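Understanding the architecture of this molecule
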Amino acid sequence: MTTALKALMVLTLPLISSLAMAQGSGGLYNSYKLQFTNDENYTFKGDLYTIASHVDDGWDTGKASFAGTRRLIDFSKSKVITRFGFVSHYGGGKQEFTQDDMTFIADSAAGSHRFAFTQAKGFYIAGGNLTLCLCEVLRDLIHGTEGSTIATQNFVLVSDAVYDDESYYPSRIGSPEASPKFNLAQLERASGVTDEVLAEYMHERVIGKYGVFCAGQNYYRHADINPADYTFEVYRGTKLISKVGTKGRLIRLIVAPTQDLETVSQAFGLDKHYPVNNPF
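Okay, so let's go over this structure. All figures in this text were calculated on a predicted structure; none of them were measured in a lab.

The subject of this paragraph is the overall build of the protein. Assigned secondary structure in the protein consists of 6 helices and 11 strands. Out of the 280 residues in the protein, the part that is buried amounts to 58%. Excluding contacts between residues fewer than 6 apart, the proportion of contacts in the protein whose partners are at least 24 apart in sequence is 70%. Looking at the protein as shown, the accessible area adds up to about 11,100 Å², and 50% of this sits on carbon and sulfur atoms.

Right, here's the structure in full:
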């Protein structure tokens, strides 16, 4: 990465999608031109970000996250939100985004990263597996906002764009309708998935029950996060369905489909920070 590019990237990033340096139509891992290598440190100073991590049919074999991710990309483009595509050579499949779709393409072999976001108000998140690689994305976003001037971070898990493996499906409600992967929108629609069931799933798979956030995976041994040091709120759309902890920063985990992103953004005040409404 050139010194000039690094100097540009420390600025607020809403309107610099031209830096994507497109190379062909994208697809397999080696067709992308990477702006960041695995676990590279960098600081960003924008308000809103979209992250699509491992939307790869080598992992997401049923493409459960593909259509929702495409809708999220279109939404993010319309708002001029800075977009990251996280790719991994381990997946080996086709991604549901091209180089041109993303502001930046980053190598992230396990979802882990060391990016810092010092002014972030919210993240729109796609990909998977939620219990594994995507959970690492979330953990490292919490690390990366530790020095933020913003006391509350909003993590919008775009339900039709976030997938998990059937082995992590809540056992008490049976099996997912789409095997071997399911997305969170399919989980929400399943019979018997009350607010309690969804909250329990998020608590078990993401927040963690035994003193470690994202207990399912920590491939590169990044620093753990103790959930007891934070306050977590879980939302189903705009409805608060669970609260865990009472200390530290407030982390909102908001499960919502792409069709509700505008409503959710307005409810949590994120729409005020759309770059398209606040140009340089």
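To continue, consider the side chain of T231. Along the chain, T231 falls in strand β9 (residues 231-236). Look past the residues within four positions of T231 in its chain and what remains in contact with it is K243, V244, G245, T246, K247, G248, R249, L250 and I251.

Here the focus is the environment of A199. Topologically, A199 is positioned in helix α5 (residues 195-207). With residues near it in sequence (within four places) discarded, A199 still touches I241 and S242.

For K63, which is not a glycine, the phi torsion comes out positive at approximately 55 degrees. With respect to the element layout, K63 can be found in the loop between β2 (48-53) and α2 (66-79).

Glancing now at the pairing of strand β6 (residues 122-127). Counting buried positions over the 6 residues of β6 gives 6, a clear majority of the element. Residues G122, Y124 and A126 of β6 are buried on one face, and the alternating residues F123, I125 and G127, pointing to the opposite face, are buried as well. Where β2 meets β6, 6 bridges bridge the pair, whose relative direction is parallel. Within the sheet, the bridge partner assigned to L48 lies in β6 and is G122. Across 5 bridges, the pairing between β6 and strand β7 (residues 152-165) is parallel. When the sheet's bridge partners are listed, G122 is paired in β7 with N154. Handedness of the crossover joining β6 and β7 through helix α3 (residues 133-144) is recorded here as right-handed.

Our focus in this paragraph is α2. A rise of 1.5 Å per residue sets the reference length of α2, with its 14 residues, at 20 Å; its end C-alpha atoms lie 20 Å apart and thus fit the reference within 8%. What α2 keeps buried is the set F66, G68, T69, L72, I73, F75, S76 and K79. Summarising the contacts, the buried residues of α2 are in contact with β2, β3 (82-87), β6, β7 and α6 (261-267). Count one or two residues on from α2 and you reach V80, which has phi positive near 60 degrees.

About the cut-offs
Along each chain, residues carry numbers from 1 onward, in the same order as the chain's sequence is written. With the structure being a predicted model, the display of local features is reserved for residues of pLDDT at least 70 and the display and counting of side-chain atom pairs for 80 or more, all residues being used for whole-chain, interface and lining totals. In computing side-chain properties, one takes all heavy atoms of the structure into account and sets aside hydrogens as well as water. Counting from the N terminus, the helices are DSSP H or I runs at least four residues long and the strands are E runs at least two residues long. Throughout this description, buried means an accessible area under 20% of the type-specific maximum (1.4 Å probe, protein chains only), exposed means over 50%, and partly exposed covers the range between. The contact rule is simple, with two residues in contact once any of their heavy atoms fall within 4.5 Å. Areas reported here follow the Shrake-Rupley algorithm with a probe of radius 1.4 Å; residue values treat only the protein chains shown as occluding. A strand pair is defined by DSSP finding two or more bridges across the two strands. For the handedness criterion, the strands are oriented away from the viewer, and a crossover whose path from the first strand over the helix to the second runs clockwise is classed as right-handed. Here the expected length of a helix is defined as 1.5 Å per residue gap, with one fewer gap than residues.

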